[in-house]
Amino acid sequence: MKRSDHSILAPWLKLILQQQRRLWIGAALMLLTVASAIGLLAVSGWFITATALTGLLLAAGVAATLDIYVPGGAIRAFALSRTVARYLERLYNHDTVLRLLAELRTAAFARLTRLDGTRLGRLRAAEWLNRLTADIDTLDNLYLRLLAPPLVTAAGIALVAGLIMIFLPATGLIIGLGLSCLLLALTWGLARRSRAASAELSARLEQLRVTSIEQLQGLSELTAYGMLERHQVEQQRHEQLLQQRQHQVARQIACANGLATVGVQSAVVLSLIAALLAFNAGQITGPVAVMLPLAVMALGEAFALLPKAFGHWGATVAAAARLNEDTAVPEAGPAATVSVPDRPHIRLQQVSLHYPVNPHLPALQAFDLELPFGAQVGLIGPSGSGKSTVAQLLVGLLQPTAGQITVNDTDLSALAEAQWLARIGYLTQQTDLFNESVASNLLLACPQASDADLWAALHQVGLDTLVQELPRQLDTPVGETGRQFSGGEARRLALARLLLKDPAIVVLDEPFSGLDRFTADGIRQVLAAWLPGKTLLALGHDETALPTVDRIVHLSS
């Protein structure tokens, strides 16, 4: 069933509306700006006309007076309030939008952290990056361009129509209804008209971003295999399709801008004709006849904000739909409460795994493995044979599509997750360090560890001397992804974090990757002294990539 736009946007609207106080203040500042513009133009027109008529009367020898202080003060007040309100509105609303974007991005990232590896594997890294950046940025339209401006414009229409109705009730009613229809056309009508094109524009833009990122990341591989030209042709095709949709959406927005101008100016002309007829009939004065159409003209500023925003309505809905679908967390059943046994005996029985991106090619097929408590097992095989998949299944990052993983005859999914994660330590094939201090990266494993514990862990992996020579020692930032360290040093820092945790079950994926032979031998000796009494699953391409183990299992591709 096709979901409505409201249901698609509802989760993000709910998050945005948590800051209702800021939203209402921002909308009030926008309304004050529009109201000041209306007052400034209307009173200025009245005052200029009244001054001219008074001068003509005096020139003709007719006694006439005009209070210039009240309207002059009103003009200054409206001019000042419009300037101040505009400045405060831009400052306050953009601060609000930045706050909203931070909350939206945090909420989306939090949902991603709860996805397992199977769901994360549905999209490429560049696509996930697009979700967290471009799609979230698109949602800032919800408040600043799609919620507040139509409400402010509607309030402006009511204000102007009410002003006209004081002098010309029928004209005010007609102007109000006509401008309300124009508001509906520029919001709901334009959104429906441009929805498909702007949604496809958003999708084409994502495809172009993805191909650009992949081309930059894989430039050497594409060049080596002679695929660079083909990839560039594909990128140019995406760019051409993007330009076609950009032109289509731009034409729709331009037509909407034209409609807004024609609609507002038609209302100005209608109010002017009605005002002149009323003036000739003696119903209103000349200054009022000038004031009324100028008040209508001031609404053009409010209507001008609508076409561009609602011309991209489809892109906003499409971004929300992608985020809803791709970051949706499966509904959790009752929380697992089975305690992890003190001496876990692990079995993988006929375990298979298929990734959604390639359901016909299994990442793992009918695999069996037994890990009694305290067993030291090595799993070797070529790249792509499924070694890392076994590790992620064991840790719980992936769920098998067939077969069963049990711990002392209890299904792994039935065990208390927090307890299981506390008992297991996983050194991944890719070294993951955060742009924090050395100490912060280590304390992730054991928050209550003292500085002495941190230095002891660093000493075990031979990094204590290096860290002591750093400018701030334990407080020295490691840089983004640990770039302040070499690959081997970062690998040893990650291993020190694992040693600090001291888990009962240890999974090592290519533990000596990036280490020279001398350093690897030293780490092998450290592991030989540390691993007895623990359950070990070590993964590698061959036996030389493993620490000392009791048994080796071969995994073929």
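The shown structure was predicted, so the numbers you read here are calculated from the model rather than taken from an experiment.

What follows covers the overall build of the chain. Within the chain one finds 21 helices and 9 strands. On C-alpha atoms alone, the chain measures out to a radius of gyration of 34 Å, which is more than a quarter above the 24 Å that the 2.2 N^0.38 rule sets for 557 residues. Here the C-alpha coordinates of the chain stretch approximately 115 × 50 × 50 Å along the principal axes. Here the chain holds 557 residues, and 46% of them are scored as buried. Residue pairs at least 24 apart in sequence account for 79% of intrachain contacts in the chain once pairs closer than 6 positions are excluded.

Our next topic: the packing of helix 8 (residues 169-217) against helix 10 (residues 228-280). Contact geometry for helix 8 and helix 10: axes closest at 9 Å, N-to-C directions at 170°. It follows from the interaxial angle that helix 8 and helix 10 lie roughly antiparallel. Among the residues forming the contact of helix 8 with helix 10, the class breakdown is 22 nonpolar, 16 polar and 6 charged.

Counted by the stated rule, this structure contains 1 aromatic pair. For the ring pair Phe-310 and Trp-313, a centre distance of 6.1 Å and an interplane angle of 10° mean the geometry is stacked. Neither Phe-310 nor Trp-313 differs from the other in exposure class; each is buried.

So, on to the pattern of salt bridges. For the structure shown, the criterion picks out 11 salt bridges. The residue Asp-95 makes a salt bridge to Arg-22 at a minimum N-O spacing of 2.7 Å. Taken together, the residues span a long stretch of sequence, with Asp-95 in helix 3 (residues 69-113) and Arg-22 in helix 2 (residues 20-59) at a distance of 73 residues. Accessibility expressed as a relative area gives 16% for Arg-22, which makes it buried. With its nearest N and O atoms 2.8 Å apart, the salt bridge here joins Glu-234 to Arg-237. One end of the pair is Glu-234 and the other is Arg-237, both in helix 10 and 3 residues apart, which spans about a single turn. Residue Glu-234 is classed as partly exposed on the basis of its relative accessible area, which comes to 32%. One network of salt bridges, with partners in common, ties together Arg-82, Arg-86, Glu-89, Arg-90 and Glu-301.

Our focus in this paragraph is the environment of Leu-29. Mapped onto the elements of the fold, Leu-29 is located in helix 2. Separated by 314 residues in the primary sequence, Leu-29 and Arg-343 have C-alpha atoms spaced 65 Å apart. Residues within four places of Leu-29 in sequence aside, it is in contact with Ala-85, Leu-88, Glu-89 and Tyr-92.

Within the open sheet, the 4 strands sit side by side as 2-1-4-5. Their pairing is antiparallel. Edge positions in the open sheet fall to strand 2 (364-371) and strand 5 (410-411), since each of these has one partner strand only. In this sheet, strand 5 lies alongside strand 4 (residues 402-407) in antiparallel orientation, the contact comprising 2 bridges. In the sheet register, Thr-406 faces strand 5, and the bridge partner there is Asp-411. Those strands touched by helix 15 (residues 387-395) are strand 1 (346-353), strand 2 and strand 4, and its axis lies near 60° from that of strand 2.

The next point concerns the packing of helix 20 (residues 487-501) against helix 21 (residues 517-530). Each pair of packed helices can be described by the angle between their axes along with the distance between the axes. Running from N to C, helix 20 and helix 21 point in directions that differ by 5°, and their axes come no closer than 13 Å. Overall, the two elements helix 20 and helix 21 adopt an arrangement that is roughly parallel. Across from Arg-492, Leu-495, Leu-498 and Leu-499 in helix 20, the residues of helix 21 making contact are Thr-519, Ile-523, Val-526, Leu-527 and Trp-530. A breakdown of the residues in the contact of helix 20 with helix 21 according to their chemical character gives 7 nonpolar, 1 polar and 1 charged.

Helix length check: helix 10 (53 residues) gives 77 Å between terminal C-alpha atoms against 78 Å at 1.5 Å per residue, within 8%. Of the residues trailing helix 10, Gly-282 is marked for its positive phi of about 80°.

In this model helix 20 runs 22 Å from its N-terminal to its C-terminal C-alpha over 15 residues, within 8% of the 21 Å that 1.5 Å per residue would give. Within helix 20, 12 of the 15 residues are buried, leaving the element largely enclosed by the surrounding structure. Along helix 20, the residues classified as buried are Gly-488, Ala-490, Arg-491, Arg-492, Leu-493, Ala-494, Leu-495, Ala-496, Arg-497, Leu-498, Leu-499 and Leu-500. Structurally, helix 20 contributes buried residues whose contacts are with strand 6 (424-427), helix 17 (438-443), helix 18 (451-460), strand 7 (505-509) and helix 21. Residue Asp-502 follows helix 20 closely and has a positive phi angle near 55°.

Here we come to the sheet that holds strand 3 (residues 376-380). Read from one edge of the open sheet, 5 strands run 6-7-8-3-9, paired in parallel fashion. What marks the edges here is a single partner per strand, and that holds for strand 6 and strand 9 (551-554). If you compare each strand with its neighbour and ignore which way they point, the axes differ by 15° on average. Pairing analysis gives 5 bridges linking strand 7 to strand 8 (residues 535-540), with the strands arranged parallel.

Within the largest apolar cluster, 64 residues are counted, with the highest numbers of intra-cluster contacts made by Trp-12, Leu-142, Leu-179, Val-296, Phe-303 and Phe-310. A per-element tally of this core places helix 10 first, with 8 residues. Those residues in contact with Phe-310 that lie beyond four places of it in its chain are Arg-145, Leu-146, Pro-150, Leu-186, Thr-187, Leu-190, Ala-191 and Ser-194. Formed by 39 residues, the second largest nonpolar core is a distinct cluster that contains Leu-454, Leu-500, Val-526 and Leu-531.

Quick notes on the rules
- Residues numbered from 1 in each chain as written.
- Predicted model: local features only at pLDDT ≥ 70, side-chain atom pairs only at ≥ 80, totals over all residues.
- Heavy atoms only, no water.
- Helix = DSSP H or I, 4+ residues; strand = E, 2+ residues; numbered from the N terminus.
- Rg over C-alpha atoms; globule rule 2.2 N^0.38 Å.
- Buried < 20%, exposed > 50% of the residue type's maximum accessible area, 1.4 Å probe, protein only.
- Contact = heavy atoms within 4.5 Å.
- Axes fitted to C-alpha atoms, helices over the stretch in contact; angles between N-to-C directions.
- Parallel < 35°, antiparallel > 145°, perpendicular 65-115°, else oblique.
- Nonpolar A, V, L, I, M, F, W, Y, C, P; charged D, E, K, R; others polar.
- Phe/Tyr/Trp six-rings, centres within 6.5 Å; stacked < 30°, edge-to-face > 60°.
- Salt bridge = Lys/Arg side-chain N within 4 Å of Asp/Glu carboxyl O.
- Pairing = 2+ DSSP bridges.
- Expected span 1.5 Å × (residues − 1).
- Core = buried A, V, L, I, M, F, W, Y, C linked by side-chain atoms within 4.5 Å.

No statement about biological role is implied by the geometric values presented.
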